[in-house]
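# Structural overview for review
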Amino acid sequence: MRIPLGPVAVRGALGVAVAGYALVGVFSLTGHAGQARSVADGVYSAEQAQRGQQLYQAQCVACHGDKLQGLIGPMLTGEAFVSAWGGRSAAVLVDKIQNTMPLGAPGSLMRPQAIDIAAYILQGGSFKPGQTALADAALRQVTFPASRPAAAPAAGGGVALAPTANLAQLMRGVTFPNANIFFNAQLKDPGAEKPKAPVPFDYVLWGQTVYYGWQSVDQAALALQETTPLFLLPGRRCENGRPVPVGNATYQRTTQALVDLSRELYKVAQSRNHEALAGMAERLNEACDACHRIYRDVSTSGKSVSEGGVSADRCRQVP
Ligand code: HEC
Ligand code: HEC
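Residues numbered from 1 in each chain as written. Chains lettered and ligands numbered in written order. Predicted model: local features only at pLDDT ≥ 70, side-chain atom pairs only at ≥ 80, totals over all residues. Heavy atoms only, no water.

At this site the iron atom of ligand 2 is bound by Met171 (SD) and His292 (NE2), with donor distances of 2.1 to 2.3 Å. Bound by six donor atoms, the iron atom of ligand 2 shows angles of 84 to 179° at the metal and therefore octahedral coordination geometry. Of this pair, Met171 sits in helix α7 (residues 167-183) while His292 is found in helix α11 (residues 281-295), placing the two residues 121 residues apart along the sequence. (Donors = N, O, S within 2.8 Å, 3.2 Å for Na, K, Ca; no water. Tetrahedral: all angles 85-135°; square planar, octahedral: opposite > 155°, others 65-115°. Helix = DSSP H or I, 4+ residues; strand = E, 2+ residues; numbered from the N terminus.)

Quick look at the structure:
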């Protein structure tokens, strides 16, 4: 029996740790009107940006590109970047850099270095330098020009449904663990007796230790069915900063196909038939792959994965 884990599991097994998006609110500037400035108001110095550029070249260029254009990580320049940061303060940008970047060695930058890099990023965004350097104390008062309309409240009440994760984070955090329950069904019978406590946390042991066996299979099918439409939520970006191709017919069709298959997965789970369940793994793998081979695992630039090729080419707008 073949276990069609494919590139999905391989990437997961590499343990690529990606820090989740910090949940940051837009700072209210009321009461500080006198100090509030836009990043366009010459808030950093040219020397500062130059120092930042050197750090950037050494530590960031591999993932964000030599022109800040984005490779594995998102672009740090251009309209898409500025609009994604609209309304947020320079403090949030510096925190993001200092606390989570470079991706593999977070916390390695000192505060002044992170601020210098932020100055370089502002320069790359065509915001002109001024006479004085950007200081830590001023970061909160300096904001990107607002551009994003506030998310509409959901029908049921005041909780707004707005994308905060990039698509890769949504896949890794939600889709991947739920799908693994089905991929593992080839090895493990969910009807088998639950091992005596304590049950170690282990994906092959269903990744679930509380809601065990068939119950966790039911939940995984329902979770896939209900969360897959989030692939189409407007406004989400891919890891490389491109907008998720939510308007593309193929992307929409393959999303719908996964929703439909999840409905079938639930039916099969309800039959409590291990053999039937194990038979679904291949189809699930194919449903993931139908979209991945077009939008994820592509390199049109001829560059390899290690050169950032595949990641930079992800999420192209293909009809
Ligand atoms: C190993 C690859 C890698 C390296 C090296 C790296 N980054 Fe990133 N960066 C990413 C990825 C992936 C994301 C998207 C995930 C996230 O936001 O955490 C990201 C996100 C960001 C963001 C948020 C952009 C946005 O629009 O949300 C900033 C700012 C950033 N990186 C700055 C830096 C800086 C500055 C450095 C160098 C000190 C750096 N990165 C080094 C991969 C990398
Ligand atoms: C409609 C298209 C689509 C479908 C269906 C889909 N994915 Fe994805 N997936 C993507 C795209 C596009 C990316 C790259 C996202 C990015 O770079 O931000 C991705 C990324 C991922 C990643 C992160 C990979 C990495 O390089 O770190 C995982 C894990 C993943 N998908 C798992 C799954 C699984 C499991 C399924 C099926 C149950 C699935 N996906 C179905 C489009 C899809």
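Text resumes after the structure shown.
The next subject is the site of ligand 2. Around ligand 2 sit 25 residues in total, of which Met171, Glu239, Cys288, Cys291 and His292 are the nearest. Contact distances for ligand 2 include 2.7 Å between an oxygen atom and a side-chain N or O atom of Arg172. Within the side chain of His292, an N or O atom sits 2.7 Å from a nitrogen atom of ligand 2. Mapped by element, the contributors of at least two residues to the shell around ligand 2 are α1 (6-13), α7, α9 (249-271) and α11. Examining the composition of the shell around ligand 2, we find that seven residues originate from one element, α7, more than from any other. (Near = heavy atom within 4 Å. Polar contact = N/O pair within 3.5 Å; in protein donor to acceptor, adjacent residues only side chain to side chain.)

Our next topic: the nonpolar core. Of all hydrophobic cores here, the largest spans 34 residues; its most connected members are Phe81, Leu93, Ile97, Ile121 and Phe144. Of all the secondary-structure elements, those providing two or more residues to this core are α2 (46-59), α4 (78-84), α5 (90-100) and α6 (111-124). A per-element tally of this core places α6 first, with eight residues. In contact with Ile121, other than residues within four places in its own chain, are Leu68, Leu76, Phe81, Leu93 and Ile97. Core analysis: the next-biggest nonpolar cluster, separate from the first, contains 31 residues, Met171, Ala220, Met280 and Cys315 among them. (Core = buried A, V, L, I, M, F, W, Y, C linked by side-chain atoms within 4.5 Å. Buried < 20%, exposed > 50% of the residue type's maximum accessible area, 1.4 Å probe, protein only. Contact = heavy atoms within 4.5 Å.)

A word on helix α8 (residues 213-227). Helix length check: α8, at 15 residues, gives a terminal C-alpha distance of 21 Å against a target of 21 Å (1.5 Å per residue), a fit within 8%. Every buried residue of α8 is listed here: Gly213, Trp214, Ser216, Val217, Asp218, Ala220, Ala221, Leu224 and Thr227. Against α7, α9 and α10 (274-278) lie the buried residues of α8. (Expected span 1.5 Å × (residues − 1).)

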